[in-house]
Amino acid sequence: MDKPIIRLYPQPGSEQSLKGTYLAHNLRQQASEDQAFVYTNFVVSLDGRIAIPRGETQVMSVPRSIANNRDWRLFQELAAQADLIVVSSDYIHNWAQGKASEILQVDEPQFADLCDWRRACGLSPQADVAIISKNLRFSIPDVLTAGGRKVIVFTTADPDPVCVREIEKHAVRIIIAGDRKSVNGTTMVDYMTDLGYRTIFSSAGPQILYLLLTSNVLNRLYMTQACRILGGNSYASLVEGELLKPAVDLTLNSLYLDPPGRDGLSQFFIAYDRT
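The notes below deal with the structure included here. (Residues numbered from 1 in each chain as written. Predicted model: local features only at pLDDT ≥ 70, side-chain atom pairs only at ≥ 80, totals over all residues. Heavy atoms only, no water.)

### Examining the packing of helix α1 (residues 69-80) against helix α3 (residues 112-120)
Here is the rule we go by: For helices, the fitted axis covers only the stretch in contact; all axes are lines through C-alpha atoms, and the angles between them, taken along N-to-C directions, range from 0 to 180 degrees. Helix and strand assignments come from DSSP, with helices taken as H or I runs of at least 4 residues and strands as E runs of at least 2, each series counted from the N terminus. Here the word oblique covers every angle except those under 35 degrees (roughly parallel), over 145 (roughly antiparallel) and from 65 to 115 (roughly perpendicular). Handedness of a helix crossing follows the sense of rotation of the near helix relative to the far helix, less than a right angle counterclockwise being left-handed and clockwise being right-handed. Here a residue-residue contact requires only that any non-hydrogen atoms of the pair lie within 4.5 Å. Ten residue types, Ala, Val, Leu, Ile, Met, Phe, Trp, Tyr, Cys and Pro, are classed as nonpolar, four, Asp, Glu, Lys and Arg, as charged, and the remainder, Gly among them, as polar.
Where α1 meets α3, the closest approach of the two axes is 10 Å, and the angle between their N-to-C directions is 15°. Judged by the angle between their axes, α1 and α3 are roughly parallel. The element α1 and its partner α3 pack so that their crossing is right-handed. The segment α1 lies against α3, with Arg73, Gln76, Glu77, Ala79 and Ala80 engaging Asp113, Leu114, Trp117 and Arg118. Considering only residue class, the contact of α1 with α3 consists of 4 nonpolar, 1 polar and 4 charged.

### Describing the environment of Asp116
We count it as follows: The definition of a polar contact used here is a pair of N or O atoms within 3.5 Å, where within protein one atom must be able to donate a hydrogen and the other to accept one, and adjacent residues in sequence count solely through side-chain atom pairs.
With respect to the helices, strands and loops of the structure, Asp116 is situated in helix α3. Note: C-alpha distance between Asp116 and Val106 (10 residues apart in sequence) is 8.7 Å. Within the structure, Asp116 has its side chain in polar contact with the side chain of Arg119 (distance 2.9 Å).

### Let's talk about helix α2 (residues 89-96)
Short version of the rule: Categorising residues by exposure relies on relative accessible area from a 1.4 Å probe, with only protein chains included: less than 20% of the type maximum marks a residue as buried, more than 50% marks it as exposed, and the intermediate range marks it as partly exposed.
Within α2, the full set of buried residues consists of Ser89, Tyr91, Ile92, Asn94 and Trp95. The inward-facing, buried residues of α2 abut β6 (84-88) and β7 (128-132). Phi turns positive one or two residues past the end of α2, at Gly98, with a value near 80°.

### So, the packing of aromatic side chains
What counts is decided by this rule: Planes of paired rings set the category: under 30 degrees apart is stacked, over 60 is edge-to-face and the rest tilted, where pairs are Phe, Tyr or Trp rings (Trp by its six-membered ring) whose centres lie within 6.5 Å. Charge-over-ring contacts are defined here by two conditions on Lys NZ or Arg CZ: a distance within 6 Å of the ring centre and an angle within 35 degrees of the ring normal.
Applying the stated rule across the entire model yields 6 aromatic pairs. Through pairs of rings, three or more aromatic residues link up here, namely Phe37, Tyr39, Trp72, Phe75 and Phe201. Here the basic side chain of Arg49 rests over the ring of Tyr235, its NZ or CZ set 3.6 Å away from the ring centre.

### Details of the nonpolar core
Nonpolar side chains tend toward joint burial in soluble globular proteins. Stated formally: Side-chain atoms within 4.5 Å link the members of a nonpolar core, which is a set of buried Ala, Val, Leu, Ile, Met, Phe, Trp, Tyr and Cys residues.
One finds Ile85 and Ile131 to be the most contacted residues of the largest nonpolar core, which totals 44 residues. The dominant element in this core, judged by the number of residues it contributes, is α1, at 5 residues. Not counting the four nearest positions on each side in its chain, Ile131 is found in contact with Val87, Ser88, Ser89, Ile92, Phe138, Ile140, Leu144, Val151, Ile152, Val153 and Phe154. If you look at the next biggest cluster of nonpolar residues, it comprises 33 residues, including Ile132, Tyr197, Ala204 and Leu212.

### Overview of the pairing of β6
Quick reminder of the rule: We call two strands paired when DSSP finds no fewer than two bridges between them.
Burial of β6 is extensive: 4 of the 5 residues sit out of reach of the surface. Pairing geometry for β6 and β7, over 5 bridges, is parallel. Paired with Ile85 across the bridge in β7 is Val129. Bridge analysis of β6 against strand β10 (residues 199-202) gives 3 bridges, and the strand direction is parallel. Residue Ile85 lies in a different strand from β10, and its bridge partner there is Phe201.

### Quick look at the sheet that holds strand β3 (residues 37-44)
Judged by pairing direction, the sheet is mixed, and its 11 strands sit side by side in the order β2-β1-β12-β13-β11-β3-β10-β6-β7-β8-β9 without closing on themselves. A single partner strand is all that each edge strand has here, and the edge strands are β2 (14-16) and β9 (173-176). Looking at each pair of strands side by side, their axes are set apart by 25° on average, direction ignored. Note: β3 against strand β11 (residues 220-226), 6 bridges, orientation parallel. Bridge pairing in β11 links Tyr39 to Arg220. Together, β3, β6, β7 and β10 form the strand contacts of helix α6 (residues 206-214), whose direction differs from that of β3 by roughly 145°.

Structure below.
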């Protein structure tokens, strides 16, 4: 973790510490009073794989061959700056079964500085959570609402009243933000902004990214590109959905080379802004 990275853009380039790289982006200053700042992060192989089946199951997860603790450090720096973390109902389902862990890991000794950073900013130890779900068929783990953390569920029109009552038992607020087919990203982010959230970190997958792109609410895409080709016929790519019409244009915000990478194989840390 002590080995430096090299800033390639913006120029002039220079060596710098990995720690603090994304904290220095000051995401909390990017939000305006009328609109929250929405961002996301992925680690991807050269051939566009962000997830592959885990073992013999059909559960998709980040490939172990590209996951690494240097990328994970920067992921935590992004999560630490969030007021609200967006997840899918699949993630909550896996969490309830013990197959997923806390996203913002400020309780881990290696991220104690991020806990101190949040405290210095007047933030709660953990960001609130927003769950996107079409059918509400998932359980809320008790640990999710521990310590006064707020949980909000965004769902489609005419939700099943039985599912609504079950989720609301856990003091979780349900907001209808779309038609019967899907959640509307613009409506959802407007609600989030009205509720006082200023920085929103989507840690969900390619379908939620598609929602954010088609609704034109994503402000920044962070991506770690591992210099490794994985292949395989079963995988998830960065975005999943219909052809984007029009295509979404992004501009380069920053680019860093991480020479150590994983197993001594270099990787790139990249940030793009929506034009």
